[in-house]
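Secondary and tertiary structure notes
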Amino acid sequence: YRQTLRNCGRDVYLGWQTVFSMPEAEVGDRAYIGRSCGIGFAKIGEEVMLADEVQILSGGNEHGRADDHQTMHEQAQTYRQITIGYGAWIGAGAIVMADIGEGAIVGAGAVVNKSIPAHCVAVGVPARVVNRLNIEKDSSEEWIAAIKTAEESSSPHENIANASGITPASGG
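In this text, all values refer to a predicted model and were calculated from it rather than measured experimentally. (Residues numbered from 1 in each chain as written. Predicted model: local features only at pLDDT ≥ 70, side-chain atom pairs only at ≥ 80, totals over all residues. Heavy atoms only, no water.)

We now examine the pairing of strand E16 (residues 128-132). Here 4 bridges tie strand E15 (residues 120-123) to E16, and the two strands are oriented antiparallel to one another. From the neighbouring strand, cysteine 120 faces E16, where its bridge partner is arginine 132. The turn joining E15 and E16, which pair antiparallel and follow one another in sequence, is formed by 4 residues; a positive phi near 100° is taken by glycine 124. (Pairing = 2+ DSSP bridges. Helix = DSSP H or I, 4+ residues; strand = E, 2+ residues; numbered from the N terminus.)

Counted by the stated rule, this structure contains 1 aromatic pair. A ring pair is formed by tyrosine 13 and tyrosine 32, whose centres lie 4.7 Å apart and whose planes are at 10°; its orientation type is stacked. Residue tyrosine 13 is located in strand E2 (residues 13-14), and its partner tyrosine 32 is located in strand E5 (residues 32-33); the two are separated by 19 residues in the primary sequence. Given the relative accessible area of 40%, tyrosine 13 is considered partly exposed. (Phe/Tyr/Trp six-rings, centres within 6.5 Å; stacked < 30°, edge-to-face > 60°. Buried < 20%, exposed > 50% of the residue type's maximum accessible area, 1.4 Å probe, protein only.)

Along the chain, arginine 80 turns up in the loop between strand E9 (55-56) and strand E10 (82-84). The sequence separation of arginine 80 and methionine 97 amounts to 17 residues, and the corresponding C-alpha distance is 9.2 Å.

A complete count under the given rule lists 5 salt bridges for this structure. We note a salt bridge from arginine 35 to aspartate 52, for which the minimum N-O separation is 2.5 Å. Placement of the pair is arginine 35 in the loop between E5 and strand E6 (38-39) and aspartate 52 in the loop between strand E8 (49-50) and E9, with a sequence separation of 17 residues. Taking the relative accessible area as the measure of exposure, arginine 35 reaches 47% and is therefore partly exposed. Residue aspartate 52 is classed as partly exposed on the basis of its relative accessible area, which comes to 22%. Within the structure, one salt-bridge network assembled from shared partners comprises Arg30, Glu46 and Glu47. (Salt bridge = Lys/Arg side-chain N within 4 Å of Asp/Glu carboxyl O.)

Below, the discussion takes up the sheet that holds strand E14 (residues 111-112). Pairing is parallel in the open sheet, where 5 strands are placed in the order E3-E6-E9-E12-E14. The open sheet has two free edges, formed respectively by strand E3 (19-20) and E14, since each of these has just one partner strand. Here 2 bridges tie E3 to E6, and the two strands are oriented parallel to one another. Residue pairing in the sheet places phenylalanine 20 in a bridge with isoleucine 39 of E6.

Strand direction decides the pairing type here: strand E13 (residues 105-106) and E15, joined by 2 bridges, are parallel. Residue pairing in the sheet places valine 106 in a bridge with alanine 122 of E15.

On to unusual backbone geometry, then. Cis geometry marks the peptide bond from valine 125 to proline 126; its omega dihedral reads -10°. Along the chain, proline 126 turns up in the loop between E15 and E16. Phi at arginine 30 takes a positive value of approximately 60°, unusual for a residue other than glycine. Locating arginine 30 in the fold gives a position in the loop between strand E4 (26-27) and E5. The partly exposed category is assigned to arginine 30, whose relative accessible area is 38%. In this structure, serine 36 takes a positive phi of about 55° despite not being glycine.

Turning our eyes to something else, we now look at a nonpolar patch on the surface. Together, Tyr13, Tyr32, Met49 and Trp89 make up a nonpolar patch on the protein surface, roughly 410 Å² of accessible area in all. On the basis of relative accessible area, tyrosine 32 is assigned to the partly exposed category, the value being 36%. (Patch = residues over 30% accessible without salt bridge, like charges linked within 9 Å, V, L, I, M, F, W, Y side chains within 5 Å. Areas by Shrake-Rupley, 256 points an atom, 1.4 Å probe, with all protein chains shown as cover.)

This paragraph deals with the environment of aspartate 29. For aspartate 29, the position within the fold is in the loop between E4 and E5. The sequence separation of aspartate 29 and tyrosine 13 amounts to 16 residues, and the corresponding C-alpha distance is 9.6 Å. Aside from chain neighbours lying at most four places away, what touches aspartate 29 is Gly9, Arg10, Glu46 and Glu47. Within the structure, the side chain of aspartate 29 is placed 2.7 Å from the backbone nitrogen of arginine 10, a separation counted as a polar contact. (Contact = heavy atoms within 4.5 Å. Polar contact = N/O pair within 3.5 Å; in protein donor to acceptor, adjacent residues only side chain to side chain.)

This is the structure in structure tokens:
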């Protein structure tokens, strides 16, 4: 994969039948990617663990629908890099369409359509933050503000990223 991907770190485990759909994908050192994962335009950080059958899409709005007279195949496509932060853990069968912060945990089967702050646990469809991991450097006020901003915002991806210190992925 070092010859194919933009970057592939050292001591990376790639499970059987895992597929990268875009050569711009990046995988950090010591990442574990389980069996039958599908990975698009993603930057997977160091020490990240993806369980089996995780799907990381190239953003949440890949397929346009501007012209009703064209088929989906003919419509314009928009890709956005999805970032999975250092040490994040994503459960089996999760679908990821937004950034995941450092040290975050995403439950099995979750559908992530809004950014998940660092050091939080998110589950469900759509994924919602249900717990904050006990990390001394985060203040409770900052964490609560980041969650409220994400839930109330018309542009949750950008606002939670700004409020929680996650660097938003660039548009594509």
